[in-house]
Amino acid sequence: METHPYDAIVLGGGPAGLTAAIYLARARLSTLVLDTGTPGGQMNLSHEVANYPGVLVTSGAELGRIMRSQAESFGARVISQVDLLGLDLKSELKLVEVEDEGVFSAPVVILAPGGSPRTLGLDSERRFMGRGISYCATCDGDFFAGQDIAVIGGGNSALEEAVSLTKYASSVTILHEFDHFQAHPWAVEQARTNPKIRFLMEQMVTDFEGDERLAAVTSIHKVTGKTVRVPVTGTFIFIGYVPRTVFLSGQVELSDRGEILTDERMRTNLPGVYAAGDARAKPYRQITTAVSDGTIAAIHAAEVVENWKKKAK
Amino acid sequence: MLHTKLNHIESTQQYQELLSSGKKIAVVCGRMGPMCIPVYDVMDSLKTKYPDVEFMDMEFDAPVAAETIRRLPETRSFQGLPFTVYFRDGKVAAATSSIQNKQQVKEILDAKLK
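Residues numbered from 1 in each chain as written. Chains lettered and ligands numbered in written order. Predicted model: local features only at pLDDT ≥ 70, side-chain atom pairs only at ≥ 80, totals over all residues. Heavy atoms only, no water.

Considering the overall build of chain B
Secondary structure assignment for chain B yields four helices and five strands. Counting only C-alpha atoms, chain B reaches 30 × 30 × 25 Å along its principal axes. The buried share of chain B, taken over its 114 residues, is 56%. Sequence separation of 24 or more characterises 64% of the internal contacts of chain B that already satisfy a separation of 6 or more. For chain B, the accessible area works out to roughly 5,100 Å², and carbon and sulfur atoms hold 48% of it. Each charge sign in chain B was given a centre, from 15 positive and 14 negative side chains, and these centres are 6 Å apart. (Helix = DSSP H or I, 4+ residues; strand = E, 2+ residues; numbered from the N terminus. Buried < 20%, exposed > 50% of the residue type's maximum accessible area, 1.4 Å probe, protein only. Contact = heavy atoms within 4.5 Å. Areas by Shrake-Rupley, 256 points an atom, 1.4 Å probe, with all protein chains shown as cover. Lys, Arg positive; Asp, Glu negative; His and termini not counted. Charge placed at Lys NZ, Arg CZ, Asp CG, Glu CD.)

Next comes the structure, spelled out in structure tokens:
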């Protein structure tokens, strides 16, 4: 099979991967970005981004579109919706095999696969997805006008979206697994003072019930063991994200949470392999921190590529 | 107006003509929102792999959607965007609600439209 050589391959087209591509391509390195989904990553799930410096307010999808255009304007090639068939990160020349595209090689690879919304993992959750269960309030909120709904989660997203859903719903019941919230105090206060919102704390959601559509959520109180059945026609789930690193197992060193371990220059345990963005083990996950990771990884990776080229001459 | 790389269905007449043509059709009915954009992208990526399928989109809030896709019995229980409907010989072969990844779409295309 023919191998297509590049100076650098970036796996993932979210803010970390696209920023890395901007820096690498601008350093005149031939750069390939491979994304198994839609470039933009989790930014695509943000209806409004208001904390990205230099941009008053925009949508995540628009910010992703601009980042992609910027990377392509410097010569990076971006391929979306790829199916990865194989990955060899341990050799000096890294190899990535992609269905219908062939094998790509490069002396450096930047891993920026990002994360996916965490699910509860219940069979009934899958059954009612799009029939009462949603992960996007701005997308599906208006289906539940005048109805009783639930929000599962206790972070900023859960509480902010619960408040925004009161625009449509008659009532919003927040079910959270702990006795306190992880959200910022101001987000908790906004939710607590909203008369349409009530709280069920220390709940472990066990089932979703209904026929064609969702009719109720069942949960168990984690301390008393008491079962609660909440009649709702809609449930929005915001319980964080999981790193998309299953495909890297056995290749690079991962934390026990599946996050990629790096040093402060974004180097993994493998020479020539970097990681950036939400899939990296780190305390804060924002677009800005992903952009920072991508920048650092690309600057150091560019030095490695230049040395590799000199050595190869 | 949807800003996608798919062809748009903009009128009920166009929809009916497509269905009566007997072609294999996949229609993504949505908005330019977080759950919809990835599905348009998936469909666009599959055009070359499935040359006999017409990959189309339709604006969820346009009159054509209210008169066609949103009125189908198969979408009656749907509460998540986008509504994606697959047609074969003018009839609904499959329908899904909410975001779908490439693998899920391919499974439906292989099972229902091949």
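Picking up after the structure, the text goes on.
Structural notes on the interface of chain B and chain A
Opposite the 22 residues of chain B that make contact, chain A presents 29 residues. For the pair chain B and chain A, the two sides together bury roughly 2,200 Å², of which 49% comes from carbon and sulfur. Considering only the surface of chain B that becomes buried against chain A, B:P34, B:S77 and B:Q79 emerge as the three largest contributors, covering 34% of it. Where chain B meets chain A, there are seven salt bridges. With a closest N to O distance of 3.0 Å, B:R31 and A:D142 form a salt bridge. (Buried area = accessible area lost by both parts, 1.4 Å probe. Salt bridge = Lys/Arg side-chain N within 4 Å of Asp/Glu carboxyl O.)

Here's the deal with helix α1 (residues 15–26) of chain A
All names here are of chain A. Taking 1.5 Å per residue, twelve residues should reach 16 Å; α1 reaches 16 Å between its end C-alpha atoms and fits that length. Most of α1 sits inside the fold, with ten of its twelve residues counted as buried. Every buried residue of α1 is accounted for by P15, A16, G17, L18, T19, A20, A21, I22, L24 and A25. Those residues of α1 that are buried are in contact with β2 (8–11), β3 (31–34), α2 (60–73), β4 (77–79), β8 (108–111) and α7 (287–312). R28 lies just past α1 and shows a positive phi near 65 degrees. (Expected span 1.5 Å × (residues − 1).)

Quick notes on the state of the cysteines
Scanning the model with the defined rule gives one disulfide over all chains in all. The residue that forms a disulfide with A:C136 is A:C139, at a sulfur-sulfur distance of 2.2 Å. One quick way to see it: the torsion about the S-S bond of A:C136 and A:C139 is about 70 degrees, and its sign makes the bridge right-handed. What makes A:C136 buried here is its relative accessible area of 4%. Assessed through its relative accessible area of 5%, A:C139 is described here as buried. With no disulfide of its own, B:C29 has B:C36 as its nearest cysteine by sulfur position, at a separation of 8.5 Å. Since its relative accessible area comes to 0%, B:C29 is described here as buried. Free cysteine B:C36: the closest other cysteine sulfur is in A:C139, separated by 6.1 Å. Take B:C36: its relative accessible area is 1%, and that puts it in the buried class. (Disulfide = S-S within 2.5 Å.)

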